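Spelled out from the first residue to the last, the chains are:
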Amino acid sequence: DAGVIQSPRHEVTEMGQEVTLRCKPISGHDYLFWYRQTMMRGLELLIYFNNNVPIDDSGMPEDRFSAKMPNASFSTLKIQPSEPRDSAVYFCASRSQGYNEQFFGPGTRLTVL
Amino acid sequence: AQSVTQPDIHITVSEGASLELRCNYSYGATPYLFWYVQSPGQGLQLLLKYFSGDTLVQGIKGFEAEFKRSQSSFNLRKPSVHWSDAAEYFCAVAEKGGGNKLTFGTGTQLKVEL
């Protein structure tokens, strides 16, 4: 199995631009999670999906952030417009129903200038 | 709300010495407990997990952790540290049921002196 796949691995953009981060979960996994890692706030959950449906988006910082999961094998996290304070490493993770271990992708390092 | 405390931000040990990283959690019941390791520029790798049963759990790379309900702790140990263990270590808890969302501690940065 290829594991959780995230793209791009690195993204550098300018303030005000739209940013889209992508994630492909492990095949067969029912849950998908988006986390953000910063020096100030550590690792924090942004949103998670179950069977492609958003269940808890209480961690999404503001309306500039949106996440979708159009099918079981693909999810996006979009920031529009981006701001320098959005600079962070964004992780995607997935797990299967009834199995409590989450598998993490390698992360996307986002830098907003 | 659940929370995780890792009181040591940085720890330095000599190669071959023993290691213990502390983790305390706050939760209404016994949660699922995890230790993850993150090497520089890398993602998170699961070292070990506790769901129920034997309170001493073995993980990969020679790590173990002990769940102590009375102390709300889940400390990570290794009897002999290798230079390649230098990384950041995160303790995490997940609520039972629902999505099993993870709440992470702030991490402990481990430095290994040769």
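Residues numbered from 1 in each chain as written. Chains lettered and ligands numbered in written order. Predicted model: local features only at pLDDT ≥ 70, side-chain atom pairs only at ≥ 80, totals over all residues. Heavy atoms only, no water.

## Description of the state of the cysteines
All names here are of chain A. Under the definition given, this model contains two disulfides over all chains. Here Cys 23 engages in a disulfide with Cys 92; their sulfurs sit 1.9 Å apart. Across the S-S bond of Cys 23 and Cys 92 the torsion is about -65 degrees, and the bridge reads as left-handed. Taken together, the positions of Cys 23 in strand S3 (residues 19-24) and Cys 92 in strand S9 (residues 88-95) put the pair 69 residues apart, joining distant regions of the chain. Accessibility classification places Cys 23 together with Cys 92 in one group, the buried group. (Disulfide = S-S within 2.5 Å. Helix = DSSP H or I, 4+ residues; strand = E, 2+ residues; numbered from the N terminus. Buried < 20%, exposed > 50% of the residue type's maximum accessible area, 1.4 Å probe, protein only.)

## Some thoughts on the interface of chain A and chain B
Across the contact, 18 residues belong to chain A and 18 residues belong to chain B. Across the chain A to chain B interface the summed buried area is about 1,500 Å²; carbon plus sulfur atoms make up 54%. Of all residues in chain A, the largest losses of buried area upon contact with chain B belong to Leu 43, Asn 100 and Phe 104 of chain A, amounting jointly to 37% of the total for that side. On the surface where chain A and chain B come into contact, there are two salt bridges. The partner of Glu 101 of chain A in a salt bridge is Lys 49 of chain B, with the nearest N and O atoms 3.6 Å apart. Between chain A and chain B we count four residue pairs in polar contact (both at pLDDT 80 or more) in total. Elements that contribute at least two residues to the side of chain A that touches chain B include exactly strand S4 (31-38), strand S5 (42-50) and S9 of chain A. Of the residues forming the side of chain A that touches chain B, the biggest block, four residues, is contributed by S4 of chain A. The residue makeup of the side of chain A that touches chain B, split by class, is 10 nonpolar, four polar and four charged. (Contact = heavy atoms within 4.5 Å. Buried area = accessible area lost by both parts, 1.4 Å probe. Salt bridge = Lys/Arg side-chain N within 4 Å of Asp/Glu carboxyl O. Polar contact = N/O pair within 3.5 Å; in protein donor to acceptor, adjacent residues only side chain to side chain. Nonpolar A, V, L, I, M, F, W, Y, C, P; charged D, E, K, R; others polar.)

## Digging into unusual backbone geometry
Residues and elements named next belong to chain A. Pro 8 follows Ser 7 through a cis peptide bond whose omega is -10 degrees. Within the secondary structure, Pro 8 is located in the loop between strand S1 (5-7) and strand S2 (10-13). In this chain, Gln 80 is followed by Pro 81 through a cis amide linkage whose omega measures -10 degrees. By the element assignment, Pro 81 lies in the loop between strand S8 (74-79) and S9. Of note in the backbone geometry, Asn 52 takes a positive phi value of approximately 75 degrees without being a glycine. For Asn 52, the location among the structural elements is in the loop between S5 and strand S6 (53-56). Residue classification places Asn 52 among the partly exposed residues on the basis of a relative accessible area of 29%.

## Overview of the pattern of salt bridges
For the coordinates displayed, the defined rule picks out 14 salt bridges over all chains. Residue Asp 85 of chain B is joined to Lys 78 of chain B by a salt bridge in which the shortest nitrogen-to-oxygen separation is 2.8 Å. Assessed through its relative accessible area of 10%, Lys 78 of chain B is described here as buried. Several salt bridges converge on common partners, so that one network encompasses Glu 62, Arg 64, Glu 83, Arg 85 and Asp 86 of chain A.

## A few points about the sheet that holds S1 of chain A
Residue and element names in this part refer to chain A. In space, the four strands of this open sheet follow the order S1-S3-S8-S7, with antiparallel pairing throughout. Of all strands in the sheet, those bounded by a partner on one side alone are S1 and strand S7 (65-71). The sheet shows a mean angle of 15 degrees between the axes of neighbouring strands, taken without regard to direction. As paired elements, S7 and S8 share five bridges and run antiparallel to each other. Counterpart to Ala 67 in the pairing with S8 is Leu 77. (Pairing = 2+ DSSP bridges. Axes fitted to C-alpha atoms, helices over the stretch in contact; angles between N-to-C directions.)

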